[in-house]
Every structure is written in C-alpha cells, then in structure tokens.
Amino acid sequence: MRVWIIGDNFGFPNGSGATARVHGFARALQAAGAEVRVVCLTPTEVVGRRSLNTDAAGVHDGIPFEYACGTTTLPGGLIERRLLRVRSALRSWWSARRARPDVVIATAQTLSGLLLPWLVARAVGAACVLDASELPSGFVADGPKRAAHRRIYARLARRLDGILVVSSYLERYFGEHTRAPMLRVPILVEMERFPARAPLRNQIVYAGNLAHPEEITSLLHAFAAVARDDPNAQLQVIGDDSNSNALVRYPALAAELGVGARVEFCGAVDRETVTQRVGAAGVLALPRPATPWAEAGLSTKLAEYLATARPVVVTAVGDIPLYLEDRVSAYLVAPDDADAFVAALRDALTDPTRAEAVGARGRDAAERHFEVAVHGPRLLAFFESLR
C-alpha cells in the first residue's frame, strides 16, 4: 500500500508536535509494510532564525519527504507566499498523478490545509483520511467569520473517507459532524530511539512548542516555587515559537521570578538533540491546562517523555488518565492545581528511588499503548477497509 502524508502545519524532519506525529505515522506504516512519503505544502523556516529544516527533499530515517513548494524558508512578501502555495498545489497534484498513492493522510486543522490534500486524493482516486490530532482551527473563537469557517470545515469533513482521531474528545466531536469511519490512534513513539541514559538528578526538562503560554507560564511559576527550597534544582526549556518573541518574553518572566540564572532556554533544536536532552533529565514536566484545546489533544511529547523511563509530572487532562495511573506510571496532578504540581515536582526530585520506579512503569505504559509497532497493523487494516 502506498500512503502519502500531506500537510501544511509541520516541518520535516525537525519540528515539534505535528512533526513528531507525522514521523510516528510514517514509521508505524513502514514497519507494517507500507510505502510512505511525506509532503510538506508550506515552508516552516523564517529568515533571521536558526533553520532546522534546510533540505527541500530527501530521505530522513528511511522516510522520503519533499516540500512541494520547493523551499523550506518562507519568503518575505505576501505575493511570493501566494505563488508558493500555487506551486505547491500544482506539484503535489502532478507528483500524485505519477505515484498514484492509495491513501492520502491530511494533517490539517484549517480549511485551506485540508482542502488541497482532499483534492489531490480525489484526483488520483485515493482514499482521503484526516488526522485529527487537535481541535480544528477557530473552534473556540467567536465571530461570524469563525463560525462560517467551522461550518465549511464540517461540511468538507463529511466528504472524507475516514478520520484518525487522537482522543475520545475528538471522536465525539467528529461523530457529531460526519459519519466517516473513525479510528482512534493515540500518540506514537519509537521506543528504541530512547535508550537508557544517566540522568541529571536535579534537572527538570520541558520540551515542546512555546506557543502555549498557559503551559510555559505555569511551568516557570512552579519551578520558582521548587527552586526556593532546592538550591540545586535547574530547569531546561527546549523549543520556540516562530510567531512570537517567546525566547525574550519567557526569560524575562524567569528573571522576574528570581530564577533567571537557573533556567536554560535552548530554543528550537533538532529531533536527535531533543531525544538526548529529555533522556538525560531528572524529571520531565508537562503542565497542560484545563482548556478545550488540551482536552481534545494528547501531546506527543508525553509519549517521548515516558519512553525515556524518567519520572513524568503531568496534569490529568483529557485522555491522559486512560493510559497513566498516579504515582504508579506517572505523577498525575489535577489541571490548574498549581500547588499540587509543585508538590509532585518536589516528590520526584527528593525521592529518587520511588521516582525511578514510576519512570520504569511509565516506560512500560508507553510500550503498551504508544509504540509505533502496535499501531502500524491497525492503520493498515483501517485503510484496507476504506478501499
């Protein structure tokens, strides 16, 4: 079976959540015997920032990929960007006509991002399957324009051949708008990418997209509380947000909280570096808020955290409690309970024997629920049913 993964909201091979999910799908399908290709519709790199993705086409980790627009860097002018979109559409259509994929997976949360993969699939007679890993763009926004956007998105969703949902929340949401077959596929991880490493006991690590201010702000406040009692505690924040001044705003907040010298902001780094740094952490933190966005999603970095066998402190939002048990496979905290999150971080830092046991059982949970080899055959069987 030939499967194309097409989208406009991720960079490949390096990027944050969406990239990791695409990589997980590709590896799962390849392990099950499928032929996979990744197609990025839009550039992800911004002039003036460090570029992680520099090749417009190639093979990464055995996965062929291409930027259909022909470049990884966004041009500065609006007209140039529009022309790139046209070029991307034409090249995607032409390449698909030659390769004839059986299935097109659309990784898109916007109407424009979903429309082109759907048209490409229809042009070559392929099944079009949406990967719904978060709420569609504009779901929680008000106004007539957003409402119209959601109505059109839902109408297009009814024409899909299938939907992959990451959570029970999205299963219910799309069940209200379409009768397309659905398969719940949680977050994915390749366990072998995370070999055992010697941990830095006092190091708390967060890795992800810094576009979520609720997470980063609450993390910095929690760390400031921990740091008052633990002079050796350190925090490492890995990631960036290309659409904001995150690497200016958050260091300023850390300084304001009195922990600026003990927080390292690493910026965006490649996938291998992320793997190394989370694997060497003493504790891994993920303070997700109680919002519709967090309820609907399931962060890929949680699977990668668990795969390291390091203790994970995470808020029990959305489907997370379906897979993890408090003080058994992770330290689960009620969302938006700042004091409880601080207490869990302290427990993980001050009782390393218990933390190590929790981390080991967390890795077992990741292997049972999130390992790519578990889901590859499920995906292929689902695609075969659509054909």
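In case you missed it, the structure is sitting above this.
Residues numbered from 1 in each chain as written. Predicted model: local features only at pLDDT ≥ 70, side-chain atom pairs only at ≥ 80, totals over all residues. Heavy atoms only, no water.

J.: Which residues make up the overall build of the protein chain, and what values do they have?
T.: Along the protein chain, the regular secondary structure elements total 14 helices and 14 strands. Here the C-alpha radius of gyration of the protein chain, 21 Å, is about what a compact globule of 387 residues would show, namely 21 Å. If one aligns the C-alpha atoms of the protein chain with their principal axes, the spans along those axes are about 60 × 45 × 40 Å. Partitioning the contacts of the protein chain with sequence separation of at least 6, the portion at a separation of at least 24 is 74%. As displayed, the protein chain offers around 16,100 Å² of accessible surface, 51% of which is attributable to carbon and sulfur atoms. Charge separation in the protein chain, taken as the distance between the mean sites of 44 positive and 41 negative side-chain charges, equals 7 Å. (Helix = DSSP H or I, 4+ residues; strand = E, 2+ residues; numbered from the N terminus. Rg over C-alpha atoms; globule rule 2.2 N^0.38 Å. Contact = heavy atoms within 4.5 Å. Areas by Shrake-Rupley, 256 points an atom, 1.4 Å probe, with all protein chains shown as cover. Lys, Arg positive; Asp, Glu negative; His and termini not counted. Charge placed at Lys NZ, Arg CZ, Asp CG, Glu CD.)

J.: Any chance you could break down the packing of aromatic side chains for me, citing the residues and the numbers?
T.: A full pass over the atoms with the stated rule returns 5 aromatic pairs. Ring centres of W93 and W94 lie 6.3 Å apart, and the angle between their planes is 40°; this geometry places the pair in the tilted category. Taking the ring centre of Y250 as reference, the NZ or CZ of R249 above it sits at 4.5 Å. Here R288 stacks its cationic end above the ring of W293, 4.9 Å away from the centre of that ring. (Phe/Tyr/Trp six-rings, centres within 6.5 Å; stacked < 30°, edge-to-face > 60°. Lys NZ or Arg CZ within 6 Å of the ring centre and 35° of its normal.)

J.: Can you lay out the sheet that holds strand β12 (residues 283-286) for me, pointing to particular residues and giving the numbers?
T.: Pairing within the open sheet is parallel, and its 6 strands lie in the order β11-β10-β9-β12-β13-β14. The open sheet has two edge strands with one neighbour each: β11 (263-267) and β14 (331-333). Here the average twist between neighbouring strands, direction ignored, is 20°. Here strand β9 (residues 203-207) pairs with β12 via 2 bridges, running parallel. Bridge pairing in β12 links V205 to L284. Most of the contacts of helix α8 (residues 271-279) go to β9, to which it runs at about 150°, and overall it touches β9, β10 (234-238), β11 and β12. (Pairing = 2+ DSSP bridges. Axes fitted to C-alpha atoms, helices over the stretch in contact; angles between N-to-C directions.)

J.: Mind laying out the sheet that holds strand β2 (residues 35-40), listing which residues take part and the relevant values?
T.: The mixed open sheet is built from 8 strands, whose spatial order is β3-β4-β2-β1-β5-β6-β7-β8. Of all strands in the sheet, those with a lone pairing partner are β3 (57-60) and β8 (182-184), marking the two edges. For this sheet the average axis-to-axis angle between neighbouring strands, irrespective of direction, equals 20°. Two elements, strand β6 (residues 127-132) and strand β7 (residues 162-165), share 4 bridges in a ladder whose sense is parallel. Within the sheet, the bridge partner assigned to V129 lies in β7 and is G162. Together, β1 (2-7), β2, β3, β4 (63-67), β5 (103-107), β6 and β7 form the strand contacts of helix α1 (residues 17-31), whose direction differs from that of β4 by roughly 140°.

J.: With reference to specific residues and values, describe the packing of helix α2 (residues 78-99) against helix α3 (residues 111-124).
T.: Helix packing geometry: the angle between the two helix axes and the distance between the axes. Closest axis-to-axis distance for the α2/α3 pair is 9 Å, and the angle between their directions is 30°. When the axis of α2 is compared with that of α3, the two are roughly parallel. The hand of the α2/α3 crossing is right-handed. Only L116, V120, A123 and V124 of α3 make contact with α2, whose side of the interface consists of A89, S92, W93, A96 and R97. (Parallel < 35°, antiparallel > 145°, perpendicular 65-115°, else oblique. Left-handed = near helix turned anticlockwise from the far one by under 90°.)

J.: Give a detailed account of the layout of surface pockets, specifying residues and quantitative values.
T.: The calculated volume of the second largest pocket comes to roughly 190 Å³. In this structure, the second largest pocket is lined by 14 residues; those nearest its centre are S218, P287, D336, D337 and A338. At the level of elements, α6 (213-229) and α12 (338-350) are the ones that each hand at least two residues to the lining of the second largest pocket. Broken down by element, the lining of the second largest pocket gets its largest block of residues, 5 residues, from α6. (1 Å grid on protein atoms, 1.4 Å probe; cavity = no way out; pocket = protein on both sides within 12 Å on 5 of 7 lines; lining within 4 Å. Points joined across faces, edges and corners; volume = space filled by probe spheres on them.)

J.: Outline the environment of L115, listing residues and values.
T.: Summarising the element assignment, L115 is placed in helix α3. Residue classification places L115 among the partly exposed residues on the basis of a relative accessible area of 37%. Note: C-alpha distance between L115 and Y153 (38 residues apart in sequence) is 9.0 Å. (Buried < 20%, exposed > 50% of the residue type's maximum accessible area, 1.4 Å probe, protein only.)

J.: Tell me about the nonpolar core, residues and numbers included.
T.: F174, L220, V263, L302, V313, L324 and L345 are the most contacted members of the largest nonpolar core, which totals 99 residues. Looking at this core, the element that brings in the most residues is α6, giving 9 residues. Ignoring any residue separated from it by four or fewer positions in sequence, one finds L302 in contact with I187, L286, V312, V314, I320 and L324. Listed in part, the 31 residues of the second largest apolar core include V22, A26, V36 and L84. (Core = buried A, V, L, I, M, F, W, Y, C linked by side-chain atoms within 4.5 Å.)

J.: With reference to specific residues and values, describe the side chain of E304.
T.: Along the chain, E304 falls in helix α10 (residues 300-307). Within the buried set, E304 has no salt-bridge partner at all; the shortest N-O distance to an opposite charge, 4.0 Å, is to R193. Setting aside residues up to four positions removed in sequence, E304 forms contacts with A20, V189, R193, F194 and R271. (Salt bridge = Lys/Arg side-chain N within 4 Å of Asp/Glu carboxyl O.)

J.: Explain the pattern of salt bridges to me, and be specific about the residues and the numbers.
T.: Per the stated rule, a full pass over the model turns up 14 salt bridges. Note that R122 is salt-bridged to D161, the shortest N-O span being 3.1 Å. In this pair, R122 is assigned in helix α3 and D161 in the loop between α4 (144-157) and β7, connecting sequence segments 39 residues apart. Taking relative accessible area as the criterion, R122 reaches 35% and is therefore assigned partly exposed. Here D161 falls in the partly exposed class, since its relative accessible area comes to 26%. Linking E215 and K301 is a salt bridge whose minimum nitrogen-to-oxygen distance equals 3.9 Å. One end of the pair, E215, is in helix α6; the other, K301, is in helix α10, with 86 residues separating them in the sequence. When sorted by exposure, E215 lands in the same class as K301, which is buried.

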